[in-house]
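Residue-level listing of the chains:
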Amino acid sequence: MAETSKVGHLLERLSQGVAAHDRENPEHHTWGIGMAYFDIERLGLEEGEEILPGIVLRGDGGMTGQFRILCDGQHDGSAAEEEEEAVDAVAEQEVPAEPLPARPVTPPL
Ligand SMILES: [Zn+2]
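Source: prediction; values computed, not measured.

Caption draft 1: Summary view of the overall build of the chain. Looking only at helices and strands, the chain has four helices and five strands in total. Taking all 109 residues of the chain together, the buried fraction comes to 22%. Residue pairs in contact within the chain that sit at least 24 positions apart in sequence constitute 68% of those at least 6 positions apart.

Caption draft 2: Molecular detail of the nonpolar core. The biggest cluster of nonpolar side chains holds 13 residues, and the ones touching the most others in it are Leu14, Ile33, Met35 and Leu57. Mapped onto this core, the elements with two or more residues apiece are helix H1 (4-24), strand E1 (30-36) and strand E4 (66-71). In this structure, leucine 57 is in contact with Ile33, Met35, Ile40, Leu45, Glu47, Gly48, Glu49 and Ile51, ignoring residues within four places of it in sequence.

Caption draft 3: A look at the pairing of strand E3 (residues 55-60). Relative to E3, E1 runs parallel, the two sharing five bridges. When the sheet's bridge partners are listed, glycine 32 is paired in E3 with valine 56. Where strand E2 (residues 50-52) lies against E3, two bridges are found, and the strand directions are antiparallel. Paired with glutamate 50 across the strands is valine 56, a residue of E3. The hairpin formed by E2 and E3 contains two residues between the paired strands, and glycine 54 there has a positive phi angle of roughly 80 degrees.

Caption draft 4: Up close: H1. Its 21 residues place the ends of H1 30 Å apart at the C-alpha level, agreeing with the 30 Å of an ideal helix rising 1.5 Å per residue. Residues Leu10, Leu14, Gly17, Val18 and His21 constitute the buried set of H1. One face of H1 carries all of its buried residues, which in axial projection span an arc of 95 degrees. Away from its buried face by more than 90 degrees, H1 exposes Thr4, Ser5, Gly8, Glu12, Gln16, Ala19 and Arg23.

Caption draft 5: Local environment of the environment of histidine 21. By the secondary structure assignment, histidine 21 is in helix H1. Once the C-alpha coordinates of histidine 21 and isoleucine 69 are considered, the two residues, 48 residues apart in sequence, prove to be 7.5 Å apart.

Caption draft 6: Representation of the environment of glycine 62 in the model. One can find glycine 62 in the loop between E3 and E4. A residue is classified by how many C-beta atoms lie within 10 Å of it, and glycine 62, with 16 of them, is partly exposed. Separated by 26 residues in the primary sequence, glycine 62 and alanine 36 place their C-alpha atoms 5.5 Å from one another. With residues near it in sequence (within four places) discarded, glycine 62 still touches Gly34, Ala36 and Arg68.

Conventions we followed
Within any chain, residue numbers begin from 1 and follow the written order of that chain's sequence. Totals for whole chains, interfaces and linings use all residues, but because this is a predicted model, local features are given only for residues with pLDDT of at least 70 and pairs of side-chain atoms are given and counted only at 80 or more. Strands are runs of DSSP state E lasting at least two residues, helices are runs of H or I lasting at least four, and both sets are numbered from the N terminus onward. To sort residues by burial, count the other C-beta atoms lying within 10 Å of each one's C-beta; a count of 20 or more means buried, 12 or fewer means exposed, and anything in between means partly exposed. C-beta atoms are built from the backbone. Two residues qualify as a contact pair if the distance between their C-beta atoms, derived from the backbone, is within 7 Å. A set of buried Ala, Val, Leu, Ile, Met, Phe, Trp, Tyr and Cys residues, joined to one another through C-beta atoms within 7 Å, is what we call a nonpolar core. Two strands pair if DSSP finds at least two bridges between them. Here, expected helix span is obtained from the residue count minus one, scaled by 1.5 Å. Picture the helix axis, draw a direction to every C-beta atom, and the arc is the one those directions span.

This is how it looks when you write it as structure tokens:
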């Protein structure tokens, strides 16, 4: 289960990103948000869930710490870049400190 406050903050960032994209590209239809599987997992989200009304969360092979607006429109290289927004502000506190597994020390013979 995701923590409500952090997800609320994330959703705000996502909807802002979608709104910015749609404002710049009014002829595009936005249908999804792409996020690295790693981020989806550490944020406690589910791939395929409807993260915003009409917008589905998709795991992609993209950079962690960012999300991508998925739309049916065409972008040239430069336009797509600014749609990537950092999710690290939200995500970084989510990573649990995983203790390294204790390794038995083999005494020298
Ligand atoms: Zn677009």
